[in-house]
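As a plain string of letters, each chain reads:
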Amino acid sequence: MGKAALERELDVSEGVLEHGMPYLAFGSGRPLVFLRWFMPDHANPRGWLRSSEIKTMAPLARNFRVYAVNRAPGMAAGTSMADIARAHAEALHNEFGGPVDVLGISSGGSVALQLAADHPSAVRRLVIASSAYRLDQSARVSQMKYAEAAAAGKRSLHHLATQGIESSLKARLVGAAAWLADPLFRPKNPADTLAFVHAEDAFDLTDRLADITTPTLVVAGERDEFYDQSSFRYTADGIPDSRLIIYPATSHLGAIKHARFAPDVTEFLSATD
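A brief report on the enclosed structure follows. Fair warning: this is a prediction, and the values are worked out from it, not measured in the lab.

### As for the overall build of the protein chain
At step 1: Counting its regular elements, the protein chain contains 11 helices and eight strands.
At step 2: For the protein chain, the spread of C-alpha atoms along the three principal axes comes to 50 × 45 × 40 Å.
At step 3: Out of the 273 residues in the protein chain, the part that is buried amounts to 51%.
At step 4: When contacts within the protein chain are restricted to residue pairs at least 6 apart in sequence, long-range pairs at least 24 apart make up 77% of them.
At step 5: Here the protein chain contributes 28 positively and 31 negatively charged side chains, and the mean placements of these two sets differ by 7 Å.

So, in structure tokens, the structure goes:
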């Protein structure tokens with residue numbers, strides 16, 4: 001199916017939540033708020049990135065009205081993850097008037113975990129995918145190098161693209177390709193990128209996981225490049241009402257494209273409380 005036909009079928013619309021948070025909405029059914037993965041620009045994706053997002057989330061959009069929400073543009077330096085979570089709680093309450101299902105993927109998972117810990121009344125059921133209670137050290141370093149280089153007007157994409165690649169030869173090849181492609185993917189407002197990266201760098205719910213009282217599903221790949229499996233297990237073990245699924249031989253983004261991802265998430269969100 002072509003991208004235009006898919007958008008028509010899923011009834012894609014675009015809007016802005018309170019505090020200026022942009023979103024795409026598509027599909028039909030009970031609302032499912034998808035907090036987006038790491039995105040340099042605090043805006044709705046365009047072009048192939050938009051098509052890729054809709055295609056990836058389409059299996060869930062067969063059962064839910066998916067709201068793909070990004071962080072608000074103009075993020076101030078010094079903004080904390082708690083600040084971001086509070087803005088999300090206010091925006092979701094204003095839009096939906098009560099608790100909603102929340103799916104946080106990668107960096108969106110950091111926001112979702114903070115949201116559920118600080119504002120439990122905002123979340124009906126929680127799904128955390130390819131994310132954990134804090135970033136692993138190597139991912140923090142890569143992400144910060146990326147954000148600082150972008151803020152300085154330098155090429156930066158290679159810092160993220162080579163994260164977790166064990167083969168030095170493959171890392172050099174991927175890094176070279178990312179270096180060349182960098183001008184096509186530079187953030188339009190690198191100050192937003194840097195502010196969010198600083199917030200996620202300081203994000204750590206080591207002692208707060210027990211505050212998450214909503215039913216939670218943690219989904220991850222066995223070969224995630226940004227998190228060790230122990231981080232996923234620690235996250236699930238620390239949340240009182242939680243379940244963990246780890247897909248074998250699966251990468252960071254491969255987890256959300258796994259054949260079982262949409263069925264597992266749908267089954268969990270459709271369960272009777």
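### Here's the deal with the environment of D237
At step 1: As for its placement among the helices and strands, D237 is situated in helix α9 (residues 229-238).
At step 2: Along the primary structure D237 and L209 are separated by 28 residues, whereas in three dimensions their C-alpha atoms are 8.8 Å apart.

### Quick look at the layout of surface pockets
At step 1: Empty space within the largest pocket amounts to approximately 1,400 Å³.
At step 2: Along the wall of the largest pocket there are 44 residues; nearest its centre are W37, F38, M39, P40 and L49.
At step 3: Elements that contribute at least two residues to the lining of the largest pocket include exactly α2 (47-61), α5 (137-151), α6 (157-161), α7 (168-185), α8 (190-202) and α10 (254-257).
At step 4: Ranked by residue count, the leading element in the lining of the largest pocket is α7, at six residues.
At step 5: Its residues assigned to classes, the lining of the largest pocket comprises 25 nonpolar, 10 polar and nine charged.
At step 6: Approximately 200 Å³ is the volume found for the second largest pocket.
At step 7: Lining the second largest pocket, in full, are G164, I165, E166, K170, R223, D224 and E225.
At step 8: Residue classes in the lining of the second largest pocket are distributed as one nonpolar, one polar and five charged.

### Section: helix α3 (residues 81-96)
At step 1: If you check α3, its first and last C-alpha atoms are 22 Å apart, about what 16 residues at 1.5 Å a residue would give, namely 22 Å.
At step 2: M81, I84, A85, A87, H88, A89, A91 and L92 are the residues of α3 that are buried.
At step 3: One or two positions beyond α3, positive phi appears at G97, with a value near 75°.

### With respect to unusual backbone geometry
At step 1: Positive phi outside glycine occurs at S130, with the angle close to 50°.
At step 2: Position of S130 relative to the elements: it lies in the loop between β6 (123-129) and α5.
At step 3: With phi around 50°, A249 is a residue other than glycine that occupies positive phi space.
At step 4: Structurally, A249 can be placed in the loop between β8 (242-247) and α10.

### Details of the packing of aromatic side chains
At step 1: Counted according to the given criterion, the structure contains seven aromatic pairs.
At step 2: Between Y67 and F96 the ring centres are 5.0 Å apart and the planes differ by 85°, which places this aromatic pair in the edge-to-face class. In this pair, Y67 is assigned in strand β4 (residues 64-69) and F96 in helix α3, connecting sequence segments 29 residues apart.
At step 3: Residues Y227 and F232 carry aromatic rings whose centres are separated by 5.6 Å and whose planes lie at 45° to one another, so their mutual orientation is tilted. Here Y227 matches F232 in class, with each residue buried.

### A short note on the sheet that holds β6
At step 1: On the basis of which strands lie adjacent, the open sheet formed by eight strands has the order β1-β2-β4-β3-β5-β6-β7-β8 and mixed pairing. One side of each edge strand has no neighbouring strand; the edge strands of this open sheet are β1 (13-17) and β8. Averaged over all pairs of adjacent strands, the angle between strand axes in this sheet comes to 20°, irrespective of strand direction.

### Some points on the nonpolar core
At step 1: Grouped together as the largest cluster of nonpolar side chains are 52 residues, with contacts concentrated most on V69, V102, L113, L115, L126 and I212.
At step 2: Excluding anything up to four places from it in sequence, L126 contacts V102, A112, L113, A116, I212, T214, P215, T216, L217 and F268.
At step 3: If you look at the next biggest cluster of nonpolar residues, it comprises 32 residues, including A58, L60, F64 and V66.

### A few points about the pattern of salt bridges
At step 1: Under the defined criterion, the tally for this structure stands at 15 salt bridges.
At step 2: In this structure, the salt-bridge partner of D83 is R86, at a minimum N-O distance of 2.9 Å. Here D83 pairs with R86, and both are found in helix α3, just three residues apart, close to one helical turn.
At step 3: Residue class for R86 comes out partly exposed when judged on its relative accessible area of 39%.
At step 4: For R260, the salt bridge goes to D264, with nearest N and O atoms at 2.8 Å.
At step 5: Its relative accessible area of 40% is what places R260 among the partly exposed residues.

Cut-offs applied
- Residues numbered from 1 in each chain as written.
- Predicted model: local features only at pLDDT ≥ 70, side-chain atom pairs only at ≥ 80, totals over all residues.
- Heavy atoms only, no water.
- Helix = DSSP H or I, 4+ residues; strand = E, 2+ residues; numbered from the N terminus.
- Buried < 20%, exposed > 50% of the residue type's maximum accessible area, 1.4 Å probe, protein only.
- Contact = heavy atoms within 4.5 Å.
- Lys, Arg positive; Asp, Glu negative; His and termini not counted.
- Charge placed at Lys NZ, Arg CZ, Asp CG, Glu CD.
- 1 Å grid on protein atoms, 1.4 Å probe; cavity = no way out; pocket = protein on both sides within 12 Å on 5 of 7 lines; lining within 4 Å.
- Points joined across faces, edges and corners; volume = space filled by probe spheres on them.
- Nonpolar A, V, L, I, M, F, W, Y, C, P; charged D, E, K, R; others polar.
- Expected span 1.5 Å × (residues − 1).
- Phe/Tyr/Trp six-rings, centres within 6.5 Å; stacked < 30°, edge-to-face > 60°.
- Pairing = 2+ DSSP bridges.
- Axes fitted to C-alpha atoms, helices over the stretch in contact; angles between N-to-C directions.
- Core = buried A, V, L, I, M, F, W, Y, C linked by side-chain atoms within 4.5 Å.
- Salt bridge = Lys/Arg side-chain N within 4 Å of Asp/Glu carboxyl O.

Geometric values such as these leave the question of function open.
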